[in-house]
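Each chain, letter by letter, is given below.
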Amino acid sequence: MMQEFFQHTTWQEWLGVFFSVVQVLLARKNNSNNYLFGIAAISLTLYVMIKSLLYAEFTLNLYYLVMSIYGWLYWKFGKQQAETKISSTNNTEKAITLGIVVGTFVLFWFFLTHFTNSDVPIWDSLVSAFAWAGMWLMARRKVENWILLNISNIISIPLMIHKHLYLYAVLTSFLFTVAVFGYFEWKKIINSQKNV
């Protein structure tokens, strides 16, 4: 098992995973510089996903790149030209989030089944759909981002193992744990903001 792990793990995976770990730890601590590490991790992950025929994951990472730039700017400046505070989603944002999940799943599933040689179109589409919505919420500094990202993580772990991307499976397990703690830390921040 370990020999297979090292045999299938490229330097792009190692470095991408390292930058991803730094990024998520900074996000958990509410540090807007998490996006700078995210951009580095995403750039490496794009290569890994396309080589593994995970086309929805590849597209998801392109989206992550755009949302990382948007998120960094939004976190730093927002509409008020001051750092945006963490908050909960309102009903409109919940409806948009549901639309993102359903819409991206249908689009990816259709594209993957009709135009690619993907052997995991449903799973690849599900991971991406929940992650697209979660990343949108993260960029807008909504606490529920952690929930959607963890739904994506739960689906992604066996998918990465199936694709022999063991390091990404380990990373995703780590991300799942960090997201649990991130959710509770952000809830604490919301509560402390109410008391100010």
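Residues numbered from 1 in each chain as written. Predicted model: local features only at pLDDT ≥ 70, side-chain atom pairs only at ≥ 80, totals over all residues. Heavy atoms only, no water.

1. Considerations on the packing of aromatic side chains
The line we're drawing: Working definition: rings of Phe, Tyr and Trp (its six-membered ring) pair if their centres are within 6.5 Å, and the pair is stacked with planes under 30 degrees apart, edge-to-face with planes over 60 apart, and tilted otherwise. Helix numbers and strand numbers start at the N terminus; a helix is a DSSP run of H or I with at least 4 residues, a strand a run of E with at least 2.
If you walk through the whole model with that rule in mind, you get eight aromatic pairs. Ring centres 6.3 Å apart and planes at 50° place the aromatic pair Phe19 and Phe37 in the tilted group. Here Phe37 lies in helix H3 (residues 34–51) and Phe19 lies in helix H2 (residues 11–28), a separation of 18 residues in the sequence. Following the ring pairs from residue to residue traces out a cluster consisting of Phe18, Phe19 and Phe37.

2. Digging into the side chain of Ser52
Put simply, the rule reads: Type-normalised accessible area, obtained with a 1.4 Å probe on protein chains alone, sets the label of each residue: buried when under 20%, exposed when over 50%, and partly exposed for intermediate values. Any pair of residues with heavy atoms lying within 4.5 Å of one another is described as a contacting pair.
In this structure, Ser52 sits in the loop between H3 and helix H4 (55–76). With relative accessibility at 14%, the residue Ser52 sits in the buried group. Leaving out residues up to four positions away in the same chain, Ser52 has contacts with Lys163 and Leu165.

3. Considerations on the packing of H2 against H3
Our working rule: Under this scheme, a helix contributes an axis fitted over its contacting stretch, all axes are lines through C-alpha atoms, and angles between N-to-C directions fall in the 0 to 180 degree range. Convention used here: angles under 35 degrees read as roughly parallel, angles over 145 as roughly antiparallel, angles from 65 to 115 as roughly perpendicular, and any remaining angle as oblique. Throughout, a crossing is termed right-handed when the near helix is turned clockwise from the far one, and left-handed when it is turned anticlockwise from it by less than a right angle. Think of it as three bins: nonpolar holds Ala, Val, Leu, Ile, Met, Phe, Trp, Tyr, Cys and Pro, charged holds Asp, Glu, Lys and Arg, and polar takes everything else, Gly as well.
It is at 8 Å that the axes of H2 and H3 come closest, and there the two elements cross at 150°. One element, H2, and the other, H3, form an angle in the roughly antiparallel class. Crossing of H2 over H3 shows left-handed handedness. Side by side, H2 and H3 meet where Trp11, Gln12, Glu13, Leu15, Gly16, Phe19, Ser20, Val22, Gln23, Leu26 and Ala27 of the first sit next to Asn34, Phe37, Gly38, Ala40, Ala41, Leu44, Tyr47 and Val48 of the second. In the contact of H2 with H3, the residues fall into 12 nonpolar, six polar and one charged.

That's the geometry; what it means functionally is another story.
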